[in-house]
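Topology and contacts: notes
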Amino acid sequence: MKKIITLFTIMLFFSCNSSAQKTKAKEEKVYPVTKTDAEWKKELTSEQYYVLREAGTERRYSSSLNKESRKGIYHCAACDTPLFKSEHKFDSGTGWPSFDREIEGNVDYSVDYNLGYARNEEHCATCGGHLGHVFNDGPRKTTGKRHCINGVALKFVPEK
């Protein structure tokens, strides 16, 4: 019995892959728009900085973009990259702006383990700003994806 426990302990020790190692790998990616923390803090509001640069989450139903229904494009609040089209927005009932697809090539993905399990995290492909997460519980008639995005990470540009 002692041999089994010892073997199990050794296997557990060698199979550990901490989330700190995964975070470090994600942070090493270099994006086309790169600024210092001081520069980001100067350009962004404190809430935008918290979400975009520290991977925070805004409170549910706190974004005015939840009710935005005009035609237009949702841009990254940090670098102005177009990320989502209004025609792909839907009311998911979650309290955050939701889209069934991104503008191809403008969103980057990684995996985060902040809640103790894997989630698909979304970033702006230009500046690396944290946008939110993508889930597989979106509209089945389209993509089946729900891009759950922090409204503070977006800037809405209405169609002219």
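Everything here concerns the structure above.
Read on for a plain summary of the structure. (Residues numbered from 1 in each chain as written. Predicted model: local features only at pLDDT ≥ 70, side-chain atom pairs only at ≥ 80, totals over all residues. Heavy atoms only, no water.)

**Details of the nonpolar core**
The nonpolar side chains of soluble globular proteins are, as a tendency, buried together. Short version of the rule: Put simply, buried Ala, Val, Leu, Ile, Met, Phe, Trp, Tyr and Cys residues joined by side-chain atoms within 4.5 Å make one nonpolar core. Only protein chains enter the accessibility calculation, which uses a 1.4 Å probe; a residue whose area is less than 20% of its type maximum is buried, one above 50% is exposed, and one in between is partly exposed. Helix and strand assignments come from DSSP, with helices taken as H or I runs of at least 4 residues and strands as E runs of at least 2, each series counted from the N terminus. Residues count as neighbours in contact if any of their non-hydrogen atoms are within 4.5 Å of one another.
Leu83, Phe84 and Leu154 are the most contacted members of the largest nonpolar core, which has 21 residues in total. Within the residue set of this core, elements represented by two or more residues are α4 (46–52), β1 (72–76), β2 (82–85) and β9 (154–158). The dominant element in this core, judged by the number of residues it contributes, is α4, at 3 residues. Sequence-distant contacts of Leu83, that is, excluding residues within four places in its chain, are made with Tyr74, His75, Cys76, Glu102, Ile103, Asn106, Val107, Cys124, Leu131 and Leu154.

**Points about the sheet that holds strand β5 (residues 107–112)**
Applicable threshold: Strand pairing is defined by DSSP finding a minimum of two bridges between the two strands.
Taken in spatial order, the 6 strands of this open sheet run β3-β4-β8-β7-β6-β5, and their pairing is antiparallel. A single partner strand is all that each edge strand has here, and the edge strands are β3 (89–90) and β5. Two elements, β3 and strand β4 (residues 98–99), share 2 bridges in a ladder whose sense is antiparallel. Bridge pairing in β4 places Lys89 opposite Phe99.

**With respect to the sheet that holds β9**
Keep this limit in mind: Fitted lines through C-alpha atoms give the axes, limited to the stretch in contact for helices. The angle between two N-to-C directions lies from 0 to 180 degrees.
The strand order β2-β1-β9 describes an open sheet built from 3 strands, whose pairing is antiparallel. Both edges of this open sheet fall to β2 and β9, since each of them pairs with a single strand only. With direction set aside, neighbouring strand axes in the sheet form an average angle of 30°. Across 3 bridges, β1 lies against β2 in antiparallel orientation.

**A closer look at the pairing of β1**
Of all 5 residues making up β1, 4 are buried, and the element is well covered by its neighbours. Sheet topology note: the β1/β9 ladder contains 5 bridges and is antiparallel. Bridge pairing in β9 places Gly72 opposite Pro158. Between β1 and β2, which pair antiparallel and follow one another directly, the connecting turn spans 5 residues, one of which, Asp80, has a positive phi of 70°.

**A look at the environment of Lys145**
Test applied: We define a polar contact as two N or O atoms separated by no more than 3.5 Å, with the added condition that, inside protein, one atom must be a possible hydrogen donor and the other a possible acceptor, whereas residues neighbouring each other in sequence contribute only through side-chain atom pairs.
Its location among the elements puts Lys145 in the loop between β7 (130–135) and β8 (146–149). Accessibility expressed as a relative area gives 33% for Lys145, which makes it partly exposed. Along the chain, Lys145 and Phe99 lie 46 residues apart, while their C-alpha atoms are 7.8 Å from each other. In contact with Lys145, other than residues within four places in its own chain, are Phe90, Phe99, Asp100, Val134, Phe135, Asn136, Gly138 and Pro139. In this structure the side chain of Lys145 is engaged in a polar contact, spanning 2.5 Å, whose partner is the side chain of Asn136.

**Side note on the packing of aromatic side chains**
Let me state the cut-off plainly: The pairing test for Phe, Tyr and Trp rings, Trp by its six-membered ring, is centres within 6.5 Å, and the orientation test on the planes gives stacked under 30 degrees, edge-to-face over 60, and tilted for anything in between. Either the NZ atom of lysine or the CZ atom of arginine qualifies as a charge over a ring when it sits within 6 Å of the ring centre and within 35 degrees of the ring normal.
For the coordinates displayed, the defined rule picks out 3 aromatic pairs. Where Tyr74 meets Phe99, the ring centres are 5.0 Å apart and the plane angle is 70°; that geometry is what we call edge-to-face. One end of the pair, Tyr74, is in strand β1; the other, Phe99, is in strand β4, with 25 residues separating them in the sequence. Judged by its relative accessible area of 0%, Phe99 is buried. Ring plane angle 50° and centroid distance 4.8 Å describe the contact between Tyr74 and Phe156, whose orientation is recorded as tilted. Pair noted here: Tyr74 is in strand β1 and Phe156 is in strand β9, with a separation of 82 residues, a long-range link. Under the relative-accessibility criterion, Tyr74 is labelled buried at 0%. Among the aromatic side chains, those forming a connected cluster through ring pairs are Tyr74, Phe84, Phe99 and Phe156. Above the plane of the ring of Trp40 lies Lys35, whose end atom (NZ or CZ) is 5.0 Å from the centre.

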